[in-house]
Structures are given as structure tokens and as C-alpha cells.
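In case you want the letters, here they are:
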Amino acid sequence: MTQGSRPAQFELQCSLEELYNGATKKMKVKRSSSTLSRDAEAVLEIKVKPGWKAGTKVTFPGEGDEIGSSGKAQDVVFVVREKRHSVFTREGSNLLHHRQIPLVDALTGFKVDVKMLDSSERILRVNVRDMVSPNYTKVVKGEGMPSKSAAEKGDLIITFDIIYPKALSEDQKEKLKTILPR
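(A) Just the overall build of the chain, in detail. If you tally the helices and strands in the chain, you get three helices and 11 strands. Across the chain, helices and strands are ordered from the amino to the carboxyl terminus as β-α-β-β-β-β-β-β-α-β-β-β-β-α. Whereas a compact globule of 182 residues would reach a radius of gyration of roughly 16 Å, the chain reaches 25 Å, over 25% beyond that. Dimensions along the principal axes, computed over C-alpha positions, put the chain at roughly 90 × 35 × 25 Å. For the chain, restricting intrachain contacts to residue pairs at least 6 apart in sequence, the fraction spanning at least 24 positions comes to 55%. Summed over its atoms, the accessible surface of the chain is roughly 11700 Å², and 50% of this surface lies on carbon and sulfur atoms. Averaging the locations of the 31 positively and 24 negatively charged side chains of the chain gives two centres separated by 1 Å.

Here's what the structure looks like:
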């Protein structure tokens with residue numbers, strides 16, 4: 001950081017897909033100068049690396065406003081902010097996914113198709129053979145966010161809400177009583 005000045009800090013909004021795959025973002029900054037001969041605007045290129053987390057800072061030394069008439073300019077700092085995602089929540093290197101399933105699936109097993117964040121738009125099919133109780137979680141190793149060593153990934157953690165039928169006929173209730181153990 002240039003001595004004696006505070007950096008100009010800006011938020012860099014990134015989607016979960018950009019933080020998963022990596023991306024290049026171009027940000028235009030306006031800057032004032034009195035003695036420095038340079039353009040009033042600059043386009044700064046930020047290479048977002050796979051696995052970056054919210055709060056990651058990228059600094060461009062001397063790209064901000066000139067400090068008085070010193071011939072020195074303040075640094076520009078971009079702070080990564082993670083946009084809300086419709087399917088996943090990020091927790092460190094893990095991806096959390098929540099699904100609603102009908103009671104019959106919770107009791108008998110089912111498949112969950114999850115559209116992953118890869119640029120290839122891969123669909124991951126997860127087989128759930130266990131009986132799903134209200135606090136059950138299914139962990140799929142290595143299907144979360146990349147970590148700093150791109151070879152390792154976090155996990156995909158799926159949680160479930162069990163949807164009970166709104167009503168059952170007397171006949172259905174009697175059949176369930178004969179099938180289900182007490």
C-alpha cells in the first residue's frame with residue numbers, strides 16, 4: 001500500500017459459478033490526478049481464481065486517485081463478495097443443497113439430480129438408498145468448491161425436508177398399519 005493513504009476499496013460481486021470455475025472480470029475506475037499524467041479512467045483486469053472465498057482482496061498499487069500533488073496515487077483494492085445462489089449455499093469449501101422430497105421417497109429411496117456449477121453444466125445424479133429422517137444429510141465427497149490446491153475439492157452436502165401427504169383415506173391408513181412396523 002502506498003504510504004500515508006488509505007486504499008480506495010470496492011466490492012467485486014462474483015457468482016458462485018465464477019468462484020467455482022474462475023473468471024476474468026474487468027472493472028472501470030475513475031481517478032483524479034493533479035501532477036500525474038495518466039488517463040482519468042482505467043480498466044483493471046481481475047483474474048478470479050477457482051475456489052476464492054468472499055473477503056478475498058485484490059490490490060492494484062497506485063491505480064487510485066493522486067494523493068494531493070505528491071505524484072503518488074492511492075492503491076485500489078477489490079474485495080470479493082459472493083452473490084446469492086438459487087441452488088447452493090457455500091460453507092467454506094463445501095456446497096450445501098436443500099431438497100424437498102415426498103414421504104414415500106424418504107421411506108423407499110430415490111435419486112436426486114443436481115445441476116452442478118461446472119462450466120459444462122454437468123448433472124450429478126445422487127442415489128439415496130437410506131431411509132431419510134428429518135435430520136438426515138447425504139454427503140457426496142469431492143463435489144464441493146475447489147480449494148486453493150485445485151486438486152482438492154470440498155463436499156456436496158444435501159439436506160432434505162420430508163413432505164407428508166395432506167390426507168390419507170381410511171383404506172390407505174389401514175394398509176400402512178399392516179406394512180409399517182410399530
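(B) Here's a closer look at unusual backbone geometry. At Glu121, a residue that is not glycine, the phi angle is positive and equals roughly 55°. Within the secondary structure layout, Glu121 lies in the loop between strand E8 (110-115) and strand E9 (123-128).

(C) View of the sheet that holds strand E7 (residues 94-102). As summarised here, the arrangement of the four strands in space is E6-E7-E11-E10, forming an open sheet in which the pairing is mixed. Where the open sheet ends on each side, the last strands, each with one partner, are strand E6 (88-91) and strand E10 (137-140). Neighbour to neighbour, the strand axes of the sheet diverge by 30° on average, direction disregarded. Sheet topology places E7 next to strand E11 (residues 156-163); eight bridges connect them, and they run parallel. What sits directly across from Arg99, in E11, is Phe160.

(D) Seen up close, the sheet that holds strand E1 (residues 8-14). Taking strand neighbours across the sheet as the criterion, the three strands line up as E1-E5-E4 in an open arrangement whose pairing is mixed. Each edge of the open sheet is held by one strand with a lone partner, namely E1 and strand E4 (57-60). The mean angle between the axes of side-by-side strands here comes to 25°, regardless of whether they run parallel or antiparallel. Here E4 runs beside strand E5 (residues 76-82); their pairing, made up of four bridges, is antiparallel. Its bridge partner being in E5, Thr59 is matched across the sheet by Val77.

(E) Seen up close, the side chain of Asp155. With respect to the element layout, Asp155 can be found in the loop between E10 and E11. Within the structure, Asp155 has its side chain in polar contact with the backbone nitrogen of Gly142 (distance 3.0 Å). Residues within four places of Asp155 in sequence aside, it is in contact with Ser93, Asn94, Leu95, Val139, Val140, Lys141, Gly142, Glu143 and Gly144.

(F) Up close: the packing of aromatic side chains. Enumeration according to the criterion identifies four aromatic pairs in this entry. Ring geometry for Phe10 against Phe78: centres 5.8 Å apart, planes inclined by 35°, an arrangement best described as tilted. You can see Phe10 sitting in strand E1 and its partner Phe78 sitting in strand E5, a full 68 residues away along the chain. Taking relative accessible area as the criterion, Phe10 reaches 37% and is therefore assigned partly exposed. Residues Phe110 and Phe160 carry aromatic rings whose centres are separated by 5.5 Å and whose planes lie at 85° to one another, so their mutual orientation is edge-to-face. With a gap of 50 residues between them, Phe110 in strand E8 and Phe160 in strand E11 connect regions that are remote in the sequence. Each member of the pair, Phe110 together with Phe160, is buried.

The rules behind the values
- Residue numbers run consecutively from 1 along every chain, following the written order of its sequence.
- Local features in this predicted model are restricted to residues whose pLDDT is 70 or higher, and side-chain atom pairs enter the listing and the counts only when it is 80 or higher, whereas totals over whole chains, interfaces and linings include all residues.
- With hydrogens and water excluded, all non-hydrogen atoms of the structure serve as input to the side-chain values.
- Helix and strand assignments come from DSSP, with helices taken as H or I runs of at least 4 residues and strands as E runs of at least 2, each series counted from the N terminus.
- Here the globule rule reads 2.2 Å times residues to the power 0.38, and the radius of gyration is calculated from C-alpha atoms.
- We call two residues contacting when some pair of their heavy atoms lies within 4.5 Å.
- The protein chains shown are the only cover counted for residues, whose accessible areas, like all others here, come from Shrake-Rupley with a 1.4 Å probe.
- For this count, His and the chain ends are skipped, Lys and Arg are scored as positive, and Asp and Glu as negative.
- Charge positions come from single atoms, namely NZ of Lys, CZ of Arg, CG of Asp or CD of Glu.
- Strands were regarded as paired on the criterion that DSSP finds at least two bridges between them.
- Only the contacting stretch of a helix is used when fitting its axis, a line to C-alpha atoms as for every element, and angles between N-to-C directions run 0 to 180 degrees.
- A 3.5 Å cut-off defines polar contacts: any pair of N or O atoms within that distance qualifies, except that in protein one atom must be a possible hydrogen donor and the other a possible acceptor, and neighbouring residues in sequence count only when both atoms are side-chain atoms.
- Pairs were defined over the aromatic rings of Phe, Tyr and Trp, the Trp ring being its six-membered one, requiring ring centres within 6.5 Å. Orientation was assigned from the angle between planes: stacked under 30 degrees, edge-to-face over 60, tilted for the rest.
- Exposure categories follow from relative accessible area, calculated using a 1.4 Å probe and restricted to protein chains: below 20% of the type maximum is buried, above 50% is exposed, and the middle band is partly exposed.

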